[in-house]
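Reading the structure
Residue-level listing of the chains:
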Amino acid sequence: MSSPSPLPDNLACPRCGGGFHCGVDEGWCACFGTRLGEGLKRQLRERWPGRCLCLRCLAELAADDPDSQVPARPGPPPVRKDT
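Residues numbered from 1 in each chain as written. Predicted model: local features only at pLDDT ≥ 70, side-chain atom pairs only at ≥ 80, totals over all residues. Heavy atoms only, no water.

1. Re the packing of aromatic side chains
For the structure shown, the criterion picks out one aromatic pair. Arranged with centres 6.4 Å apart and planes meeting at 70°, the rings of W28 and F32 form a pair that is edge-to-face. The exposed category is assigned to W28, whose relative accessible area is 58%. (Phe/Tyr/Trp six-rings, centres within 6.5 Å; stacked < 30°, edge-to-face > 60°. Buried < 20%, exposed > 50% of the residue type's maximum accessible area, 1.4 Å probe, protein only.)

Okay, here's the thing in structure tokens:
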């Protein structure tokens, strides 16, 4: 009986354990719109070297960092009134 192969690092967020997909190796990832401050980036590299965090965790950490910027989530589409 063979043992299961290990999962790739980006299938579970190391902070919350939630599943996600990092697209950085594909040339575009949803996190590209989030701008993290240099201090926060340094902390993340020290705590989780070589790992990616899910968007929710990045947004939570960036919200508490004055040097970071998180893009606003798009709201619902406008209601169309047929006249």
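2. Notes on the side chain of S68
On the secondary structure map, S68 appears in the segment after α2 (55-63). Of the residues examined, S68 reaches a relative accessible area of 11% and is grouped as buried. In terms of polar contacts, S68 uses its side chain to reach the backbone amide nitrogen of G37, at 2.8 Å. For S68, the side chain forms a polar contact with the side chain of D65, separated by 2.4 Å. Setting aside its immediate chain neighbours within four residues, S68 contacts R35, L36, G37, L40 and A62. (Helix = DSSP H or I, 4+ residues; strand = E, 2+ residues; numbered from the N terminus. Polar contact = N/O pair within 3.5 Å; in protein donor to acceptor, adjacent residues only side chain to side chain. Contact = heavy atoms within 4.5 Å.)

3. So, the nonpolar core
Membership of the largest hydrophobic core comes to 13 residues, with the highest contact counts inside it found for C13, L36, L44 and L53. Residue assignment for this core shows that the elements contributing at least two residues are α1 (38-47) and α2. Ranked by residue count, the leading element in this core is α2, at three residues. With residues near it in sequence (within four places) discarded, L36 still touches K41, L44, L58, A62, D67 and S68. (Core = buried A, V, L, I, M, F, W, Y, C linked by side-chain atoms within 4.5 Å.)

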